[in-house]
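So you can see what is in the structure, the chains are spelled out below.
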Amino acid sequence: MTSVETVTHNGVDITYDPNEELDFASELSTSARHTQRVDLVWKDLTLSVPVKVKRNKKSKTEGSKLPDAALPPEEEQAQRRKTILKGISGEARAGTMLAVMGSSGAGKTSLLNLLAGRVSTSKGAKASGSVFLNGEARNYNKFRKLAAYVLQDDDMFAELTVEEQLTYAALLRLPSSMPREKKLMRVQKIIQELGLGKVKDTMIGSHIVRGISGGERKRVNIGTELVTNPSLLFLDEPTTGLDSFNALNVMTALRQLALNGRTIISTIHQPRSSIFALFDQLCLLSEGRVMYFGPAKDAVTYFSALNFRSPSQFNPADFFLDLLSVDPRSAEREANTKARVEYIGDKYAAQATPIAAEAQGVPDMEAAAVEEENDSNDKVQLRETMFQTNWFNEFRVLCTRAMKLAFRERAANGARLGQVIFFSILLGLIWLNNGRKESLPERQSLAGVLFFIVINQSFGGVFAVIFGFPLERSVVTRERASNMYRTSSYFLSKTATDLPKTLFFNTLFSIIVYWMVGFKETAAAFFIFVLIIFLTSVLSESLAIAVSIMTGDAQTAAGIIPVFIILALLFGGFFIESGELDGWISWAKYLSFIFYAFNALGHNEFPGRPHGEKILQTFNNLTITENILVLFAILIIFRLIGYLFLKFLRGPKFLKLESE
Ligand SMILES: Nc1ncnc2c1ncn2[C@@H]1O[C@H](COP(=O)(O)OP(=O)(O)OP(=O)(O)O)[C@@H](O)[C@H]1O
């Protein structure tokens, strides 16, 4: 034990005790005992993926991974696959915390994903082996209700407070049969359990908006998964990106969750020694094989017995990584370190005793009784279905959340408001009172104004999506992977809450530009004008959403979407009048939404106006209603495409073990 020295500065006693528990830890609840205890056992897990093998046309060996001589089909097949996990067995018992450690590429995340049933399906990927839950082969329906997965990325909405984030998670993930007050009570319990009391009213924030610290953010991410009161918690590198103090904070919170009866399995990269000491069990991986599995505190002794001794005063985690990493800096070092890893792996495999699949976690009857007493109202049977609450409830909660976010997105709202005011006044000044003049050239230039308005609304709609939607999409992807809600309820709630915002900006734009330019002065013409530019904006937003979902990343989407808009502009009927297009390409205008928007605006403005009939000769033969209906149909098609892409192309799809 180190003695604690006291220094006095300005009358204040200052101490530093390296063994002292963090203040934060004292906030943690010790009363929330967990009754549903889960033992997880896995046997002989393997995971392999196909790899591309380059064949050299001249010589099969040159630059190739395939040897000269023709191989037997099964061996050639084996060479075409990469085995990421090679027969991994292990266990995680209730009330304990297991660390999965190893160098980069050792297979930690792959193992965690396989245990959690979250390996993304990829073409040709195969997984085999068995996973047992309290002695029974894993049943996904049961497993899903007992387990939660905390991803490495803490993607959350920046504009929600900590308490709101957890509350929405509870309202969406807990069954409709549970009273709202109970859900809110559970949120308060999680806030207490994770030591988030001091920041519960603070915005989560992002790299742009100031918010909570990295450690608090991670704890909120964990809390979001804790709302269903899972017995089993998987975490992928929960300390990545945190300074060592915050990392310790997070891991202390997890330790408490384990002490309360949960089973915690976490991958971790280079933990400081005080964090390492928090783990009960350790699984060391290298090159997809187990190097050690057992009590974390015995690992150093185990390696000493193999004649690999840790230097004194050395962080055990650093020692394991040094010992088990393959060093690629030279061929000689690589061969040497590979041989060492192989030796250690063989030694472990030779002495490893088979693990019993049966549950060992003896139910803590005393703790269970305490919980029954304190918490009986909080114990709710989760629904058998994939989603915990009905469609309308999901829709209502998602609409409330989206409306709240819509009002709080200050930077995006400010930028859009600025853009609307700037362009409407600019257009208004350039063509001030043009509509009130009667000469042919001035009336013809009105067509140009209408076309420019369509361009402006199209790009405005697109930019509103390109910069904001990618973050939303990643949050939604993560929430859907946790079966928080249906794709349809999310998509409809998004549509319902986006519309009023778009309508507001379009109405403001119209009020300024319409009267400054002097378009047809009737109320009906004005409202039709608003409707047409509103549909144009929503349509562009829908296009941008569909492309963003399809491409999956913001950069590609930002490159592709303007191409669609520019093509729509080209065939929009202003630069090239629709009748002027050659036969082979004349159909293209029918695909351009700008064509219908521009023509609808023309048919709204020119009839009954000086030179109106002459100008209308350059517009299409559809009526205003027909043009509007086509615009509306294209809008629905784009929204539907976006929905289908989100549901099927970007939906969470996970690989199952061959035996499951
Ligand atoms: N779908 C896949 N296709 C091809 N290779 C893959 C796939 N998934 C994982 N790998 C490879 O398998 C190995 C193990 O990956 P994994 O992400 O599990 O390692 P890790 O130990 O978590 O590494 P890190 O600490 O760097 O995240 C890596 O070499 C990785 O490139």
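Worth saying up front: this structure is predicted, and the values here are computed from it rather than measured. (Residues numbered from 1 in each chain as written. Predicted model: local features only at pLDDT ≥ 70, side-chain atom pairs only at ≥ 80, totals over all residues. Heavy atoms only, no water.)

A short note on the pattern of salt bridges
Here the idea is simple: oppositely charged side chains can pair when their charged atoms come close.
Part 1: The full count for this structure, using the stated rule, is 24 salt bridges.
Part 2: One salt bridge in this structure joins E136 and K142, with 3.5 Å as the shortest N-O distance.
Part 3: Taking the relative accessible area as the measure of exposure, E136 reaches 48% and is therefore partly exposed.
Part 4: A residue is classified by how much of its surface remains accessible, and K142, at 46% relative accessible area, is partly exposed. (Salt bridge = Lys/Arg side-chain N within 4 Å of Asp/Glu carboxyl O. Buried < 20%, exposed > 50% of the residue type's maximum accessible area, 1.4 Å probe, protein only.)

Observations regarding the UniProt feature "transmembrane region" (unreviewed entry) in the protein
Part 1: Residues annotated in UniProt with the feature "transmembrane region" (unreviewed entry) correspond here to residues 417-434, 446-469, 499-517, 524-550, 556-576, 583-601 and 628-646.
Part 2: Helix makes up 92% of residues 446-469 and strand makes up 0%, while its end C-alpha atoms are separated by 34 Å.
Part 3: Along residues 524-550, the helical share is 100% and the strand share 0%, with 39 Å between the first and last C-alpha atoms. (UniProt positions renumbered as here; feature names shortened; annotations may be inferred. Helix = DSSP H or I, 4+ residues; strand = E, 2+ residues; numbered from the N terminus.)

Remarks on the sheet that holds strand β6 (residues 126-133)
Part 1: With respect to topology, four strands assemble into an open sheet ordered β4-β3-β6-β7, the strand pairing being antiparallel. Of all the strands in the sheet, just β4 (81-92) and β7 (136-137) have a single pairing partner and so form its edges.
Part 2: Strand direction decides the pairing type here: strand β3 (residues 40-50) and β4, joined by nine bridges, are antiparallel. Residue pairing across strands places V49 opposite K82, the latter belonging to β4. (Pairing = 2+ DSSP bridges.)

A look at the layout of surface pockets
Part 1: Approximately 1400 Å³ is the volume found for the largest pocket.
Part 2: Around the largest pocket, the lining is made up of 45 residues, and of these E159, E409, A412, F467 and G468 lie nearest the centre.
Part 3: Every element with two or more residues in the lining of the largest pocket is listed here: α14 (391-408), α15 (410-430), α16 (440-466), α17 (469-481), α18 (487-517) and α19 (523-551).
Part 4: Among the domains, domain 1 (40-48 + 79-359) and domain 2 (389-649) are the pair contributing at least three residues each to the lining of the largest pocket. (1 Å grid on protein atoms, 1.4 Å probe; cavity = no way out; pocket = protein on both sides within 12 Å on 5 of 7 lines; lining within 4 Å. Points joined across faces, edges and corners; volume = space filled by probe spheres on them. Domains from an automatic or database assignment.)

Some remarks on the pairing of β3
Along a regular strand, successive side chains alternate from one face of the sheet to the other.
Part 1: Relative to β6, β3 is paired through seven bridges, and the arrangement is antiparallel. The residue of β6 that forms the bridge with K43 is S130.

Some details on the sheet that holds strand β8 (residues 147-150)
Part 1: With respect to topology, six strands assemble into an open sheet ordered β8-β9-β10-β5-β11-β12, the strand pairing being mixed. Here the strands that pair on one side only, and so sit at the sheet edges, are β8 and β12 (289-295). On average, each strand axis in the sheet is inclined to that of its neighbour by 15°, with strand direction left out of account.
Part 2: Across the sheet, helix α3 (residues 108-116) is in contact with β5 (97-102), β8, β9 (232-235), β10 (263-267) and β11 (281-286); its angle to β10 comes to roughly 150°.
Part 3: Where helix α12 (residues 331-351) meets the sheet, its contacts fall on β11 and β12, and the angle it forms with β12 comes to roughly 50°. (Axes fitted to C-alpha atoms, helices over the stretch in contact; angles between N-to-C directions. Contact = heavy atoms within 4.5 Å.)

Focus: the domain arrangement of the protein
Part 1: Domains assigned within the protein are domain 1 (40-48 + 79-359) and domain 2 (389-649).
Part 2: In this complex, domain 1 contributes 23 residues to the contact, which on the side of domain 2 involves 22 residues.
Part 3: Across the domain 1 to domain 2 interface the summed buried area is about 2200 Å²; carbon plus sulfur atoms make up 60%.
Part 4: Summed over the shared surface of domain 1 and domain 2, the number is two salt bridges.
Part 5: Of the charged contacts, one joins R408 and E164 as a salt bridge, the two residues approaching to 2.7 Å between their closest N and O atoms. (Buried area = accessible area lost by both parts, 1.4 Å probe.)

Structural notes on the site of the ligand
Part 1: Taken together, 13 residues surround the ligand, and among them S104, G105, K108, T109 and S110 come closest.
Part 2: Here an oxygen atom of the ligand sits 3.0 Å away from a polar atom, N or O, in the side chain of K82.
Part 3: Here K108 contributes a side-chain N or O atom positioned 2.8 Å from an oxygen atom of the ligand.
Part 4: For the ligand, the accessible surface in isolation is 640 Å², of which the surrounding protein chains cover 59%. (Near = heavy atom within 4 Å. Polar contact = N/O pair within 3.5 Å; in protein donor to acceptor, adjacent residues only side chain to side chain. Areas by Shrake-Rupley, 256 points an atom, 1.4 Å probe, with all protein chains shown as cover.)

What to know about helix α21 (residues 593-605)
One full turn of an α-helix is made of 3.6 residues, so residues set three or four places apart face in the same direction.
Part 1: Helix length check: α21 (13 residues) gives 19 Å between terminal C-alpha atoms against 18 Å at 1.5 Å per residue, within 8%.
Part 2: Taking burial as the measure, the 13 residues of α21 include 13 buried ones, the bulk of the element. (Expected span 1.5 Å × (residues − 1).)

What to know about the packing of α16 against α18
Part 1: The geometry of α16 relative to α18 is characterised by a closest axis approach of 13 Å and an angle of 165° between their N-to-C directions. With respect to their mutual orientation, α16 and α18 come out roughly antiparallel. Crossing of α16 against α18: the hand is right-handed. Contact residues: α16 offers L446, V449, I453, N456 and Q457, while α18 offers N506, F509, V513 and V517. (Parallel < 35°, antiparallel > 145°, perpendicular 65-115°, else oblique. Left-handed = near helix turned anticlockwise from the far one by under 90°.)

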